[in-house]
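As a plain string of letters, each chain reads:
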Amino acid sequence: MKTVFSGIQPTGKVHLGNFLGAIKNWVYLSEQDNKNFFCVVDLHSITTHPDPQELNSNIGNTLKLLIAAGINLENSIIYAQSKVPQHAYLSWILSSFSQVGELQRMTQYKEKADTLGSHAGIFTYPVLMASDILIHKANEVPVGDDQTQHLELTRNIAERFNNNYGEIFPLPAKSSGKSGARLMSLKHPDKKMSKSSDDINGTIYFDDDKDTIMKKFKSSVTDSSDNIQYDLIEKKGISNLIDIYASINDVSHEEVEKTFKNSQYGEFKMAVGESVSEYLTPINLKFIELEKENISEIINSNLQEAQSSAESTVQEVNNILGL
Ligand code: AQP
């Protein structure tokens, strides 16, 4: 049985990109014969110095949303990273198996250092990410292409540890599960749809009602032709809409082009909006229902399982290191 790990940062309100790029696949993986750890990686979001109240509310909402999305909790554990301090503990140990040069080469470090200032948290962030994966000895990690470099680093760190102390950590691979689309803003199709941006009209949030969703799609930026064709260079806006429709309906770009070959942009935009609303509305309704319920028992039992899995790895590592 495979062990799968993946995470989401509580940096804001969860959006359609998070669903189609990650959570939809997590739901799929939770229906397979895997052991899954889906983690709200709140320690990572400290790098942006968030408002404490906002952070706290985002952590709770994100956990609730993972349940509302339909992740099967029979074989999946959802929890907040900071409640399992073993993540940070292992991260310290792994930092002695990480090289400064390779951390300096991380593209996201270079990008984030430009915007957030170069504090050490941004620099050592990939080591914590390696720890997130290795603490549960995950062998599969469903992540987007932007995380490939971090996953390679995780493998390097694990290999170095293993070379010194024996085969403790499996070398994790990128998930071969259904890959999700990389959604762009509806208003700025050259920018990624993102939790922490203030691009409200370009972003579809999980709790947008049908009216709002339809309005956002109606005013989405496309191009002056009326040709529904996937072309990431010349037609970024319409390609983004094709991606969204294809991902929600589990069809290929070609099938979308074929289905809508006689439609105009206006018609297609409404069809995409309808699909999105049909996909998000039940999740939002379930989320509202969960808000009224006391789910602390679910959260606590998941947390205990996560702590016990992490503690068993820490014990093994401590014994091997002579700690
Ligand atoms: N636009 C997107 N399209 C497809 N997938 C996306 N993901 C994020 N944005 C898109 C995927 O969602 C998962 C969780 O992301 P994250 O919270 O770890 O961080 P992120 O990638 O930085 O997400 P955001 O929403 O853009 O947040 P901020 O604004 O905080 O940076 C990941 O699997 C990610 O690929």
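Residues numbered from 1 in each chain as written. Predicted model: local features only at pLDDT ≥ 70, side-chain atom pairs only at ≥ 80, totals over all residues. Heavy atoms only, no water.

### So, the pattern of salt bridges
Phase 1: Scanning all chains against the criterion turns up 9 salt bridges.
Phase 2: A salt bridge links Glu-140 to Lys-2; the shortest N-O distance between them is 3.2 Å. With Glu-140 in strand S4 (residues 140–141) and Lys-2 in strand S1 (residues 2–8), this pair connects stretches of sequence that are 138 residues apart.
Phase 3: The exposure class assigned to Glu-140 is buried, which follows from its relative accessible area of 8%.
Phase 4: Where Lys-24 meets Asp-250, a salt bridge forms, and the shortest distance between an N and an O atom there is 3.0 Å. Taken together, the positions of Lys-24 in helix H1 (residues 16–30) and Asp-250 in the loop between helix H10 (236–249) and helix H11 (253–259) put the pair 226 residues apart, joining distant regions of the chain. (Salt bridge = Lys/Arg side-chain N within 4 Å of Asp/Glu carboxyl O. Helix = DSSP H or I, 4+ residues; strand = E, 2+ residues; numbered from the N terminus. Buried < 20%, exposed > 50% of the residue type's maximum accessible area, 1.4 Å probe, protein only.)

### Points about the domain arrangement of the chain
Phase 1: If you check the domain split of the chain, you get domain 1 (2–180 + 295–321) and domain 2 (197–290).
Phase 2: Each of domain 1 and domain 2 was reduced to a C-alpha centroid, and the two centroids are 29 Å apart.
Phase 3: Each partner contributes residues to the interface: domain 1 has 15 residues there, and domain 2 has 16 residues.
Phase 4: Interface area for domain 1 against domain 2, summed over the two sides, is near 1,500 Å², with a carbon-plus-sulfur share of 74%.
Phase 5: Summed over the three residues of domain 1 that lose the most area to domain 2, namely Lys-13, Leu-16 and Lys-24, the buried surface amounts to 36% of that side.
Phase 6: Where domain 1 packs against domain 2, one counts 2 salt bridges.
Phase 7: The partner of Asp-207 in a salt bridge is Lys-13, with the nearest N and O atoms 3.0 Å apart.
Phase 8: Our enumeration of links across domain 1 and domain 2 arrives at 5 residue pairs in polar contact (both at pLDDT 80 or more).
Phase 9: Taken together, the elements giving at least two residues each to the side of domain 1 that touches domain 2 come down to H1 and helix H3 (52–68). (Domains from an automatic or database assignment. Contact = heavy atoms within 4.5 Å. Buried area = accessible area lost by both parts, 1.4 Å probe. Polar contact = N/O pair within 3.5 Å; in protein donor to acceptor, adjacent residues only side chain to side chain.)

### Considerations on the site of the ligand
Phase 1: Taken together, 17 residues sit near the ligand, with Thr-11, His-15, Ser-194, Lys-195 and Ser-196 positioned nearest.
Phase 2: Take Lys-192: an N or O atom from its side chain is 2.8 Å from an oxygen atom of the ligand.
Phase 3: Relative to its unbound accessible surface of 630 Å², the ligand loses 86% to contact with the protein.
Phase 4: Residue assignment for the shell around the ligand shows that the elements contributing at least two residues are S1 and H1.
Phase 5: The dominant element in the shell around the ligand, judged by the number of residues it contributes, is H1, at 4 residues.
Phase 6: Looking at side-chain class alone, the shell around the ligand contains 5 nonpolar, 9 polar and 3 charged residues. (Near = heavy atom within 4 Å. Areas by Shrake-Rupley, 256 points an atom, 1.4 Å probe, with all protein chains shown as cover. Nonpolar A, V, L, I, M, F, W, Y, C, P; charged D, E, K, R; others polar.)

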